[in-house]
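# Architecture and fold: a report
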Amino acid sequence: MKFLAICGSLRAASHNSALLRAMARLAPAATSIELYRGLGDLPLFNPDIEASDPAPVAALRARIIAADALLIASPEYAHGITGAMKNALDWMVGCEAFVHKPVALLNASPRATHAQASLREIVTMMSAQIVEEASVTVPVLGSGLSEEQIAAHPEISALLRTALAALRAAVAAGGTQQR
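Now for a description of the structure that goes with this document. (Residues numbered from 1 in each chain as written. Predicted model: local features only at pLDDT ≥ 70, side-chain atom pairs only at ≥ 80, totals over all residues. Heavy atoms only, no water.)

### Regarding the environment of A5
Our working rule: Think of it this way: any DSSP run of H or I at least four residues long counts as a helix, any run of E at least two long counts as a strand, and we number them from the N terminus.
For A5, the location among the structural elements is in strand 1 (residues 2-7). Separated by 66 residues in sequence, A5 and L71 place their C-alpha atoms 4.5 Å apart.

Rendered as structure tokens:
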């Protein structure tokens, strides 16, 4: 199975990116997790240029469609998701990329409840299939844990492996009818 991980932060030292990379380290042999790194390359959403299908947008859409499932993590800014994440999602609203796509919503901070609620609302409106058992909050913010330490932490790694198993099960149960 192929999962695409999308982080709403552009920071090199993002806790959410570290969480997604740790999940990639923990993925079972039959699952690959690729971290999308082009969020900052997307132009600002503009309906006037949507028909021209800018190359970075087309590339993201193709990667989402090709993925069996998505892992999405976004920090919270001003009680919402980041502008970069919202911009990426806005570009995808007008296409079918998210329709019935299994999605795990991850959270690196228990305080980021508004961002999680906003993210949940947006991807639900886009007809994604949120996999509740795979959507977890991991207290990484303020822990000082690196990507390697997240993956090696007994409780956290068990939680992440369980989330990955739930996402894999959702993909297996849904088949490939949308591709």
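### Focus: the nonpolar core
Inclusion rule: Among buried residues, the Ala, Val, Leu, Ile, Met, Phe, Trp, Tyr and Cys ones that are joined through side-chain atoms within 4.5 Å form a nonpolar core. Only protein chains enter the area calculation, which uses a 1.4 Å probe; residues under 20% of their type maximum are buried, those over 50% are exposed, and those in between are partly exposed. Only heavy atoms matter for contacts: two residues are in contact if any of them lie within 4.5 Å across the pair.
Within the largest apolar cluster, 33 residues are counted, with the highest numbers of intra-cluster contacts made by L71 and L160. Looking at this core, the elements with two or more residues in it are strand 1, helix 1 (15-26), strand 2 (32-36), strand 3 (69-73), strand 4 (102-106), helix 6 (147-152) and helix 7 (154-174). If one sorts the elements of this core by residue count, helix 7 sits on top with eight residues. Excluding anything up to four places from it in sequence, L160 contacts L19, M23, L26, V136, V138 and I150. By size, the runner-up hydrophobic cluster in this structure holds 29 residues, among which are A88, L89, W91 and I122.

### Section: helix 7
Note the following rule: Multiply 1.5 Å by the residue count of a helix minus one, and that product is the helix's expected span.
Relative to the 30 Å expected for 21 residues at 1.5 Å per residue, helix 7 spans 30 Å between its end C-alpha atoms, a close match to the ideal helical length. Those residues of helix 7 lying buried are I156, S157, L160, A163, L164, A166, L167, A170 and V171.

### Some words on the sheet that holds strand 4
Which entries qualify depends on this criterion: Strand pairing requires that DSSP identify at least two bridges connecting the strands. Only the stretch in contact is used when fitting a helix axis, every axis being a line fitted to C-alpha atoms; angles between N-to-C directions are given from 0 to 180 degrees.
Read across the open sheet, the five strands follow the order 2-1-3-4-5; overall the sheet is parallel. The open sheet terminates on both sides in strands that have one partner only, identified here as strand 2 and strand 5 (129-130). Looking at chain direction, strand 1 and strand 2 are connected through five bridges and run parallel. When the bridges of strand 2 are listed, K2 appears paired with S32. The sheet strands contacting helix 1 are strand 1, strand 2, strand 3 and strand 4, and the helix crosses strand 1 at an angle near 165°.

### Quick notes on the packing of helix 1 against helix 7
Filter applied, for reference: Roughly parallel means an angle under 35 degrees; roughly antiparallel, over 145; roughly perpendicular, 65 to 115; everything else is oblique. In this count, Pro and Cys sit with the nonpolar residues alongside Ala, Val, Leu, Ile, Met, Phe, Trp and Tyr, while Asp, Glu, Lys and Arg are called charged and the others, Gly among them, polar.
Direction vectors running N to C along helix 1 and helix 7 enclose 75°, while the axes themselves pass 10 Å from each other. In terms of orientation, helix 1 lies roughly perpendicular with respect to helix 7. Touching L19, M23 and L26 of helix 1 are S157, L160, R161, A163 and L164, all from helix 7. Of the residues in the contact of helix 1 with helix 7, the class split is six nonpolar, one polar and one charged.

### Considering the pairing of strand 3
Extensive coverage of strand 3 is indicated by the burial of five of its five residues. Residues of strand 3 alternate between two faces, with A69, L71 and A73 on one and L70 and I72 on the opposite face, all of them buried. Bridge count for strand 1 against strand 3 is five bridges, and the pairing is parallel. Residue pairing for strand 3: C7 is matched across the bridge by A73. Bridge count between strand 3 and strand 4: four bridges; the pairing is parallel.

### Looking at the pattern of salt bridges
So the rule is basically this: Salt bridges are counted wherever a side-chain nitrogen of Lys or Arg sits within 4 Å of a carboxyl oxygen of Asp or Glu.
Using the criterion set out here, one finds seven salt bridges in the structure. Among the ionic pairs, R21 bridges to E147, the shortest N-O distance being 2.6 Å. Separated by 126 residues along the polypeptide, R21 in helix 1 and E147 in helix 6 bring together distant segments of the chain. Owing to a relative accessible area of 15%, E147 belongs among the buried residues under this scheme. If you follow the salt bridges from partner to partner, you end up with R21, R25, E147 and E148 in one network.

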